[in-house]
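Secondary and tertiary structure notes
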Amino acid sequence: IVGMQLPMLHSVACTNIIVGKKASVDGSVIVSYNADSYGMYGNMYRHVGGTHQAGEMRKIYEWDTNKYLGEIPQAARTYNVVGQMNENQVSICETTFGGREEVVDPKGIIDYGSLIYIGLERSRTAREAIQIMTDLVAKYGYCSEGETFTIADKNEVWVMEMVGMGPGSQNAAWVAVRVPDDCICA
């Protein structure tokens, strides 16, 4: 439209682009992640996998602030993670939608960032990652607001939304839906 000025909107939001295996030329599942947080530009995370002794604990630090949240038992076996993908080609990305502060459980020790990396450290498939992530927040509490996770492996992609249930809840409300193989999603 000539002569019309459109308003400019400022947005700070992460972006995930998802391509199912039948929507890509070569049959690959494709996930792209952009963390639109100025403080995160240039960060590359690496977690070394391995076998762990019974009784070994994993320390949890909040992803955004590096605040110590607590400890959980370490898994007997963990996988190597570089960036947002593990050695099994499981990838987990996020987009924060925030929400009401009342949904945060301040005594919970699992935040959205820790949930991503613990899920990657412990899973062989996207479905297994969803199970691990939801079990963790049910047992240890969720101390973040609203989050959308993209969880993929070499065969399928899921979108899972999660929100805390408030102080003392020791859980989160969540829903996960599989992205059809012949679809793209953003």
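My aim in this report is to walk through the structure given alongside it, one point at a time. What you see is a predicted model, and the numbers here were worked out from it, not measured in a lab. (Residues numbered from 1 in each chain as written. Predicted model: local features only at pLDDT ≥ 70, side-chain atom pairs only at ≥ 80, totals over all residues. Heavy atoms only, no water.)

**Some points on the overall build of the protein chain**
Looking only at helices and strands, the protein chain has two helices and 14 strands in total. Taking as baseline every contact in the protein chain between residues at least 6 positions apart, the subset at least 24 positions apart corresponds to 64%. Total accessible area computed for the protein chain in this model is approximately 10600 Å², and 55% of it derives from carbon and sulfur atoms. (Helix = DSSP H or I, 4+ residues; strand = E, 2+ residues; numbered from the N terminus. Contact = heavy atoms within 4.5 Å. Areas by Shrake-Rupley, 256 points an atom, 1.4 Å probe, with all protein chains shown as cover.)

**What to know about the packing of aromatic side chains**
In this structure the tally under the stated criterion is five aromatic pairs. A centroid spacing of 6.0 Å and a plane angle of 65 degrees characterise the contact between tyrosine 45 and tryptophan 63, whose relative ring orientation is edge-to-face. Of this pair, tyrosine 45 sits in the loop between β2 (30-34) and β3 (46-47) while tryptophan 63 sits in the loop between β5 (57-61) and β6 (68-73), and the two are 18 residues apart along the sequence. Among the residues examined, tyrosine 45 registers a relative accessible area of 25% and is labelled partly exposed. Look at tyrosine 45 and tyrosine 117: their rings are 5.4 Å apart centre to centre, the planes differ by 50 degrees, and that puts the pair in the tilted class. Taken together, the positions of tyrosine 45 in the loop between β2 and β3 and tyrosine 117 in helix α1 (residues 112-122) put the pair 72 residues apart, joining distant regions of the chain. Taken together, Tyr45, Trp63, Tyr112 and Tyr117 form an aromatic cluster joined through their ring pairs. (Phe/Tyr/Trp six-rings, centres within 6.5 Å; stacked < 30°, edge-to-face > 60°. Buried < 20%, exposed > 50% of the residue type's maximum accessible area, 1.4 Å probe, protein only.)

**Thoughts on unusual backbone geometry**
The phi dihedral of glutamine 89 is positive, around 65 degrees, even though this residue is not glycine. Take glutamine 89: it is sitting in the loop between β9 (85-86) and β10 (91-98). One non-glycine residue, glutamine 170, adopts positive backbone phi at about 55 degrees. The topology assignment puts glutamine 170 in the loop between β12 (157-164) and β13 (172-179). Overall, the relative accessible area of 32% leaves glutamine 170 in the partly exposed class.

**A closer look at the side chain of serine 91**
Looking at the secondary structure, you find serine 91 in strand β10. In terms of polar contacts, serine 91 uses its side chain to reach the backbone carbonyl oxygen of glutamine 84, at 3.2 Å. Ignoring sequence-local partners within four residues, the contact set of serine 91 consists of Gln84, Met85, Leu120, Thr150, Ile151 and Ala152. (Polar contact = N/O pair within 3.5 Å; in protein donor to acceptor, adjacent residues only side chain to side chain.)

**Digging into the pairing of β6**
Relative to β6, β5 runs antiparallel, the two being bridged by five bridges. Pairing of lysine 59 across the sheet is with glutamate 71, part of β6. Between the end of β5 and the start of β6, which pair antiparallel, lie six residues, with asparagine 66 showing a positive phi angle near 65 degrees. (Pairing = 2+ DSSP bridges.)

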